4 protein chains.
Amino acid sequence: MNLTATARGTFAIAPTPFHDDGRIDETSIDRMSDFYVESGCTGLTILGMMGEAQKLDADETRLVTERIVRRIGSTIPVVVGVSSPGFAAMRSLARLSMDVGAAGVMIAPPSTLKTDDQIVSYFAQATEAIGSDVPWVLQDFPLALNVVMTPDVIRRIVGASPACVMLKHEDWPGLEKITKLRSFESEGTMRRLSILTGNGGLFLDFEMERGADGAMTGYAFPELLTDVVTLSAEGKKDEAHDLFDAHLPLIRYEQQPGAGLAVRKHVLKLRGVLASDAQRKPATSASPIARKEIAYLLDRVAQKDKRVAQAAGAAKGAVA
Amino acid sequence: MNLTATARGTFAIAPTPFHDDGRIDETSIDRMSDFYVESGCTGLTILGMMGEAQKLDADETRLVTERIVRRIGSTIPVVVGVSSPGFAAMRSLARLSMDVGAAGVMIAPPSTLKTDDQIVSYFAQATEAIGSDVPWVLQDFPLALNVVMTPDVIRRIVGASPACVMLKHEDWPGLEKITKLRSFESEGTMRRLSILTGNGGLFLDFEMERGADGAMTGYAFPELLTDVVTLSAEGKKDEAHDLFDAHLPLIRYEQQPGAGLAVRKHVLKLRGVLASDAQRKPATSASPIARKEIAYLLDRVAQKDKRVAQAAGAAKGAVA
Amino acid sequence: MNLTATARGTFAIAPTPFHDDGRIDETSIDRMSDFYVESGCTGLTILGMMGEAQKLDADETRLVTERIVRRIGSTIPVVVGVSSPGFAAMRSLARLSMDVGAAGVMIAPPSTLKTDDQIVSYFAQATEAIGSDVPWVLQDFPLALNVVMTPDVIRRIVGASPACVMLKHEDWPGLEKITKLRSFESEGTMRRLSILTGNGGLFLDFEMERGADGAMTGYAFPELLTDVVTLSAEGKKDEAHDLFDAHLPLIRYEQQPGAGLAVRKHVLKLRGVLASDAQRKPATSASPIARKEIAYLLDRVAQKDKRVAQAAGAAKGAVA
Amino acid sequence: MNLTATARGTFAIAPTPFHDDGRIDETSIDRMSDFYVESGCTGLTILGMMGEAQKLDADETRLVTERIVRRIGSTIPVVVGVSSPGFAAMRSLARLSMDVGAAGVMIAPPSTLKTDDQIVSYFAQATEAIGSDVPWVLQDFPLALNVVMTPDVIRRIVGASPACVMLKHEDWPGLEKITKLRSFESEGTMRRLSILTGNGGLFLDFEMERGADGAMTGYAFPELLTDVVTLSAEGKKDEAHDLFDAHLPLIRYEQQPGAGLAVRKHVLKLRGVLASDAQRKPATSASPIARKEIAYLLDRVAQKDKRVAQAAGAAKGAVA
């Protein structure tokens with residue numbers, strides 16, 4: 001099941017579950033994988049930046065990839081983040097991922113790239129490295145990566161690499177960029193690309209209306225993402241916004257650079273998905289005050305979306 | 001009326017009004033100044049980054065400063081952004097500002113600063129340049145300025161400069177920073193500082209609960225900021241969150257780096273505050289699609305806060 | 001005398017002379033201006049980064065510009081650095097400069113520019129701001145400005161602005177860039193541009209051979225620059241290298257980011273050009289050990305270039 | 001043979017030899033290893049930035065490390081660069097290196113570090129990751145890594161980690177930093193550290209006089225480095241400078257960011273050390289014009305240092 005440019009829906013960004021002592025937690029990996037499928041996700045992305053991919057060594061990376069892909073890779077497509085400091089390591093992980101059944105890989109540009117030509121050239125070399133048969137996702141995340149790709153640069157990258165089938169869009173601001181890319185398609189100067197959006201979902205409501213195909217982000221309630229994507233795709237605009245707005249205070253709270261992963265893992269633990277919210281070093285964690293704030297937010301969201309009630313209850317118990 | 005560390009409430013960040021052809025619009029300056037006073041703002045900050053300060057020449061800077069300070073400077077304190085590439089220009093503007101009646105000035109660090117010592121040293125030299133009698137606000141905005149100040153560095157700056165009486169806090173994430181700074185005060189290692197928060201108000205609800213004294217930001221509905229600050233200060237937590245959440249979708253939409261100023265000026269024009277939403281080059285503007293999105297958001301917010309109804313109606317008419 | 005694309009030779013980058021207490025030293029300004037003319041410079045560039053331009057306020061900037069241009073502007077062309085945070089200030093200084101008789105202005109890109117299009121657009125707006133009748137120099141200095149311009153981007157800028165007549169080339173590495181730009185000219189895709197090189201002269205020997213028209217930098221012995229440029233232009237390759245290599249240990253020593261200006265001003269003081277080597281804050285200075293190192297270097301260079309003997313003697317006396 | 005703070009002399013930075021097709025060239029690895037020993041190097045550093053370490057996958061990294069350490073690790077200490085995006089990979093490589101007989105490892109800070117505390121904390125965590133029994137070298141290279149460490153930060157790092165025994169000093173400017181660090185030692189606030197300097201050797205002459213213990217850099221004539229270090233250590237100042245200055249034009253030419261590695265590998269190929277000067281992508285290469293410039297420089301240096309004559313002859317033949 002290879003990734004294609006027709007992909008739609010919600011690809012959750014999965015964290016990597018650890019035990020409190022930092023060992024990889026395989027039981028939680030299994031439970032989490034099932035959870036995303038059951039939440040209506042149409043795909044899963046592992047070993048991205050929020051998956052603490054850089055903190056694993058080569059053997060661990062292989063273990064996590066194999067375990068998740070083998071468990072759910074025949075149910076929904078699994079995309080593996082293969083960004084690496086060099087092309088040899090990128091190639092090794094990409095080939096391994098495809099061998100065990102991944103649907104594609106995701107590549108982010110290194111922050112050393114400056115000019116348009118450097119960016120285009122980098123992805124041409126990356127494609128050559130991983131092999132032209134591996135479908136891949138272009139990650140566009142200037143806030144974190146400090147690489148700014150204009151719509152024209154994205155078009156050049158896509159034009160040079162038939163295997164680039166998807167854009168993980170998380171430029172900020174990014175709404176006009178979606179509109180521009182879709183106009184390239186409609187004017188016939190760029191082939192169709194699946195566009196899934198990130199940034200924790202902070203602009204998902206309008207991103208869908210601008211032409212996104214769905215979300216690729218890790219908000220701890222993927223059900224919200226799948227619902228907003230579906231409602232929006234069905235043209236139920238007001239309903240999509242109503243539901244989105246109900247979660248927005250928490251989405252916003254989770255979308256704090258660095259600190260956000262601690263919130264996300266904390267909520268997934270409250271939900272029973274992860275056994276521990278531990279991160280490997282360098283780690284962030286939710287302070288006692290932050291946990292109270294999360295509990296308060298969960299309680300408020302639960303008043304509008306009853307699927308949040310369990311987590312709200314668990315949070316209330318935990319901070320009591 | 002000099003700025004002191006006891007300042008509270010909402011200091012609006014004022015844009016600079018231009019005519020469509022780029023000339024400064026003095027009539028809008030007057031109307032806008034009155035508007036902020038009438039909206040309940042307890043202070044006004046002019047010539048900040050969102051005030052396009054860098055786009056004015058020396059004569060224009062003087063004109064804007066004098067006009068605003070003379071109009072409302074005896075009613076509410078006016079803070080003037082004096083960040084400059086060099087200390088001579090900073091001093092000139094600071095002295096001028098105080099001479100015409102400003103309450104204080106605001107200084108942001110240049111993005112060339114790297115180490116803790118460089119940051120501390122810079123502000124010591126800045127204080128020396130403007131004169132020790134000028135109260136000043138420390139702007140902490142890593143996302144835009146690329147200078148990261150730890151709480152300890154802020155404490156060192158404050159310790160070295162008695163005239164530093166306020167922190168414009170817009171680190172992101174920033175909640176723990178407020179808590180840390182207040183703990184410095186309670187443990188007696190840092191004197192009291194007024195902390196007003198920025199970032200478009202995106203975290204104002206919790207920032208108040210962490211110990212902020214108010215907001216210093218430019219959201220196009222300052223009434224919302226003043227209300228949230230007041231409700232929170234009065235301990236009406238749920239009411240503060242209810243009101244805040246009603247505006248959050250729009251606050252979030254306005255808080256887009258670069259693009260946000262176009263949204264803000266557009267809404268202020270809809271509100272009748274500005275005659276034009278023009279920016280000087282390099283400029284951003286709200287696209288026709290964006291204006292429809294803003295109209296949609298205003299309409300939704302107006303359903304919960306009737307003070308938004310006029311703007312919502314104007315927006316609906318404009319995109320029809 | 002307007003700057004044109006046929007400019008050749010050495011345009012010295014002038015420091016700004018201050019008294020020890022930080023006031024502008026007008027007597028040294030006059031002496032320094034004459035010194036550069038007498039040293040064989042074919043032009044002079046003032047208020048560049050090494051001229052501490054940012055540390056002057058508007059009145060001082062005007063004073064320095066007028067004084068230098070009026071003294072020597074009819075003898076050799078004077079270029080005024082007008083880089084500013086905004087276009088209004090840039091325009092004011094550019095018009096003033098041309099009014100008092102400058103030959104052209106120099107513009108560096110702000111470090112916020114990221115993409116090719118942003119860079120090209122910035123210079124189009126800058127040209128519009130200063131007026132199409134003002135000849136200007138494009139400063140390409142990625143190490144200090146963090147803006148990387150490919151040869152193609154430079155071609156686009158030049159193509160869009162007929163008044164761009166010169167490139168201050170200080171990319172590092174930069175030799176291939178000169179070759180590429182000259183190939184654009186010979187293939188007819190870019191009109192002729194005067195290329196003067198910076199970086200303290202560290203690669204001047206080979207830059208000339210690659211096609212540069214001369215130097216635009218501030219090495220404290222401009223005679224060396226003018227000689228190397230002349231010898232190279234005359235095809236006396238070995239002689240050019242011999243002379244260059246004799247000075248290289250000192251050129252290298254002066255070419256230390258930040259610290260270099262202290263070396264330069266110290267040597268110019270030893271030469272009797274400046275009355276003081278003071279910088280305005282934030283300032284660097286040559287430590288006692290550094291001054292001994294400079295004395296040692298001057299002594300060694302003087303053994304090969306007797307024009308250095310006076311400075312070497314003065315240095316020896318000063319550290320004794 | 002574990003690395004200690006008494007290390008002196010020249011630790012060459014080794015490139016990684018590839019065949020023209022990008023495969024690792026084991027024959028050249030052996031020859032190169034012997035070459036460095038025969039050139040008088042007192043140590044060897046492999047898999048640094050100029051060793052294209054990031055371009056190897058895990059298996060290749062192991063191969064290169066084992067092969068070099070086993071060949072010469074009992075003759076001179078071998079230091080292995082273990083900088084990694086995460087601590088797990090860093091630990092794996094550090095343990096492997098020590099297991100096969102390396103003398104220590106080298107760690108550079110990631111460019112994401114901003115504040116003093118972040119830097120200190122990072123190295124504390126790195127030390128914990130690799131194990132307190134592994135001697136390590138702190139790499140201080142702001143130009144390439146964009147992390148600025150003050151002398152005080154280095155002192156804090158050294159104080160927190162007894163296994164930090166050496167500083168690879170390549171700040172620029174960096175002379176005052178060496179003086180400051182040595183003053184910390186003499187005043188008793190920091191224990192003794194071996195300081196070896198980088199930057200291609202561009203300031204080696206004065207760095208030795210400031211208190212450096214030697215060089216750690218990759219100039220293609222390590223004999224020059226070992227001689228300058230020895231002469232300087234023996235107090236033969238003028239002789240050290242005479243020899244250094246003879247090579248300076250070429251040292252300067254090799255010290256071009258990015259392009260320098262192509263020069264270095266090209267010269268090492270001319271010397272018969274490497275069979276190919278190929279780099280893995282993203283690669284730089286010496287253009288035909290650059291090769292002529294190198295030939296010219298070699299010819300000039302050979303007139304003063306006859307050990308360069310062979311390479312000069314080979315270069316002349318190659319460009320004929």
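Only a predicted model underlies this, so the values are computations on that prediction, with no experimental measurement involved.

Moving on to helix H4 (residues 116-130) of chain C. The terminal C-alpha atoms of H4 of chain C lie 22 Å apart, and with 15 residues this matches the ideal 21 Å at 1.5 Å per residue to within 8%. Listing the buried residues of H4 of chain C in full gives Asp 116, Ile 119, Val 120, Tyr 122, Phe 123, Gln 125, Ala 126, Thr 127, Ala 129 and Ile 130 of chain C. Where H4 of chain C is buried, its residues meet helix H4 (116-130) of chain A together with helix H3 (87-100), strand S4 (104-107), strand S5 (136-140) and helix H6 (151-160) of chain C. A positive backbone phi angle near 105° is found at Gly 131 of chain C, which sits one or two residues after H4 of chain C.

Let us look at the interface of chain A and chain D. Tallying the contact residues gives 17 residues for chain A and 17 residues for chain D. Taken over both partners, the interface formed by chain A and chain D buries close to 1300 Å², and the fraction arising from carbon and sulfur atoms is 57%. It is Gln 54, Pro 85 and Lys 281 of chain A in chain A that bury the most area against chain D; as a group they hold 35% of the surface buried on that side. For the pair chain A and chain D, the number of links is two salt bridges.

All names here are of chain A. Spatial ordering of the closed barrel is given by S1-S2-S3-S4-S5-S6-S7-S8, a layout of eight strands whose pairing is parallel. Here the strands of the sheet are splayed against their neighbours by 25° on average, with no regard to which way each runs. Here three bridges tie strand S1 (residues 9-13) to strand S2 (residues 43-46), and the two strands are oriented parallel to one another. Its bridge partner being in S2, Phe 11 is matched across the sheet by Gly 43.

Before going further, it helps to examine the relation of the copies chain B and chain A. The operation linking the two copies of the chain is a rotation about an axis combined with a translation along the axis. When chain B is fitted to chain A, the residual RMSD is 0.0 Å, and the transformation amounts to a turn of 180° plus an axial shift of 0.0 Å. Here the symmetry operator amounts to a two-fold rotation axis. Considering only C-alpha atoms, the part of chain B nearest the rotation axis is Leu 248 of chain B, at 3.8 Å. Interface overlap between copies: 100% of the residues of chain B at the interface are likewise at the interface in chain A, consistent with a symmetric, same-surface contact.

Chain B puts 33 residues into the contact, and the matching count from chain A is 33 residues. Together, the buried faces of chain B and chain A total about 3000 Å²; carbon and sulfur atoms form 62% of this surface. When the area that chain B buries against chain A is broken down by residue, the three leading residues are Trp 172, Arg 252 and Tyr 296 of chain B, summing to 22%. Connecting chain B to chain A are eight salt bridges.

Bringing the packing of aromatic side chains into the picture now. One pass over the structure, following the stated rule, counts 26 aromatic pairs over all chains. Ring centres of Tyr 122 of chain B and Phe 123 of chain B lie 5.4 Å apart, and the angle between their planes is 90°; on these two criteria the pair is classed as edge-to-face. Here Tyr 122 of chain B matches Phe 123 of chain B in class, with each residue buried. Pairing Tyr 219 of chain D with Phe 221 of chain D gives two aromatic rings, centres 5.9 Å apart and planes at 55°, and the pair type is tilted. For the pair shown, Tyr 219 of chain D and Phe 221 of chain D are each scored as buried. Every member of this aromatic cluster is reached through a ring pair, and the members are Phe 87, Tyr 122, Phe 123 and Trp 136 of chain A.

The subject of this paragraph is the relation of the copies chain A and chain D. Between chain A and chain D, the superposition needs a rotation of 180° and an axial shift of 0.0 Å, giving an RMSD of 0.0 Å. Counting the interface residues of chain A, we find that 100% of their copies in chain D are interface residues as well, pointing to one common contact surface.

Attention shifts here to the pattern of salt bridges. Inspection of every chain in the model, using the stated rule, returns 136 salt bridges over all chains. Of the charged contacts in the structure, one is a salt bridge between Asp 299 of chain C and Lys 316 of chain C, with a shortest N-O distance of 3.7 Å. One end of the pair, Asp 299 of chain C, is in helix H12 (residues 288-302); the other, Lys 316 of chain C, is in helix H13 (residues 309-319), with 17 residues separating them in the sequence. The class for Lys 316 of chain C is exposed, based on a relative accessible area of 51%. The partner of Asp 305 of chain C in a salt bridge is Arg 307 of chain C, with the nearest N and O atoms 3.1 Å apart. Through salt bridges with shared partners, one network takes in Arg 8, Arg 182, Glu 185, Arg 192 and Asp 213 of chain A.

Residues and elements named next belong to chain A. Taking the UniProt record as the reference, the feature "binding site: pyruvate" (unreviewed entry) is found at Met 216. Mapping Met 216 onto the fold places it in strand S8 (residues 214-217). In this structure, Met 216 is in contact with Phe 11, Ile 13, Thr 45, Met 106, Val 137, Met 166, Lys 168, Leu 196, Thr 197 and Gly 198, ignoring residues within four places of it in sequence.

Residue position: Asp 245 of chain A is located in helix H10 (residues 237-254). Exposure remark for Asp 245 of chain A: the relative accessible area of 16% places this residue in the buried category. Every residue in contact with Asp 245 of chain A, bar those within four places of it in the chain, is listed here: Pro 249 and Arg 300 of chain B.

With that settled, consider the sheet that holds strand S3 (residues 78-81) of chain B. Residue and element names in this part refer to chain B. One closed barrel accounts for eight strands, arranged S1-S2-S3-S4-S5-S6-S7-S8; its pairing is parallel. Each strand of the sheet is rotated relative to its neighbour by a mean of 25°, with strand direction disregarded. Where strand S4 (residues 104-107) meets strand S5 (residues 136-140), three bridges bridge the pair, whose relative direction is parallel. Bridging across to S5, Val 105 finds its partner in Trp 136. Against the sheet, helix H6 (residues 151-160) makes contact with S5 and strand S6 (164-169), and its axis sits at roughly 165° relative to S5, the strand it touches most.

Residue and element names in this part refer to chain D. Along the chain, Gly 174 turns up in the loop between strand S6 (164-169) and helix H7 (175-186). Owing to a relative accessible area of 6%, Gly 174 belongs among the buried residues under this scheme. Considered as a pair, Gly 174 and Ala 315 are 141 residues apart in the sequence and their alpha carbons are 33 Å apart.

At their nearest, the axes of helix H10 (residues 237-254) of chain C and helix H10 (residues 237-254) of chain D sit 9 Å apart, and the two run at 75° to each other. In this view, H10 of chain C runs roughly perpendicular relative to H10 of chain D, as classed from their interaxial angle. Contact residues: Phe 244, Asp 245, Leu 248, Pro 249 and Arg 252 of chain C in H10 of chain C; Phe 244, Asp 245, Leu 248, Pro 249 and Arg 252 of chain D in H10 of chain D. Broken down by class, the residue content of the contact of H10 of chain C with H10 of chain D amounts to six nonpolar, no polar and four charged.

Time to look at the pairing of strand S1 (residues 9-13) of chain C. Residue and element names in this part refer to chain C. Within S1, five of the five residues are buried, leaving the element largely enclosed by the surrounding structure. With four bridges connecting them, S1 and strand S8 (residues 214-217) associate as parallel partners. Of the residues in S8, the one forming a bridge with Gly 9 is Gly 214. In terms of handedness, the path from S1 via helix H1 (residues 26-38) over to strand S2 (residues 43-46) forms a crossover that is right-handed.

Turning our attention to the side chain of Asp 171 of chain B. All names here are of chain B. Relative to the assigned elements, Asp 171 resides in the loop between S6 and helix H7 (175-186). Judged by its relative accessible area of 15%, Asp 171 is buried. What Asp 171 contacts, discounting residues up to four positions off in sequence, is Asp 140, Pro 142, Lys 177 and Asn 199.

Most of the time, phi is negative for any residue but glycine, and the peptide bond is trans. Cis geometry marks the peptide bond from Lys 281 of chain A to Pro 282 of chain A, where omega comes out at -10°. Of note, Pro 282 of chain A is situated in the loop between helix H11 (259-270) and helix H12 (288-302). The omega torsion across Trp 172 of chain C and Pro 173 of chain C is 5°, close enough to zero to call that bond cis. Tracing the backbone through its elements, the reader meets Pro 173 of chain C in the loop between strand S6 (164-169) and helix H7 (175-186).

Criteria and cut-off values
Residues numbered from 1 in each chain as written. Chains lettered and ligands numbered in written order. Predicted model: local features only at pLDDT ≥ 70, side-chain atom pairs only at ≥ 80, totals over all residues. Heavy atoms only, no water. Helix = DSSP H or I, 4+ residues; strand = E, 2+ residues; numbered from the N terminus. Expected span 1.5 Å × (residues − 1). Buried < 20%, exposed > 50% of the residue type's maximum accessible area, 1.4 Å probe, protein only. Contact = heavy atoms within 4.5 Å. Buried area = accessible area lost by both parts, 1.4 Å probe. Salt bridge = Lys/Arg side-chain N within 4 Å of Asp/Glu carboxyl O. Pairing = 2+ DSSP bridges. Axes fitted to C-alpha atoms, helices over the stretch in contact; angles between N-to-C directions. Least-squares fit on C-alpha atoms with pLDDT ≥ 70 in both. Phe/Tyr/Trp six-rings, centres within 6.5 Å; stacked < 30°, edge-to-face > 60°. UniProt positions renumbered as here; feature names shortened; annotations may be inferred. Parallel < 35°, antiparallel > 145°, perpendicular 65-115°, else oblique. Nonpolar A, V, L, I, M, F, W, Y, C, P; charged D, E, K, R; others polar. Right-handed = clockwise from strand over helix to strand, strands pointing away.

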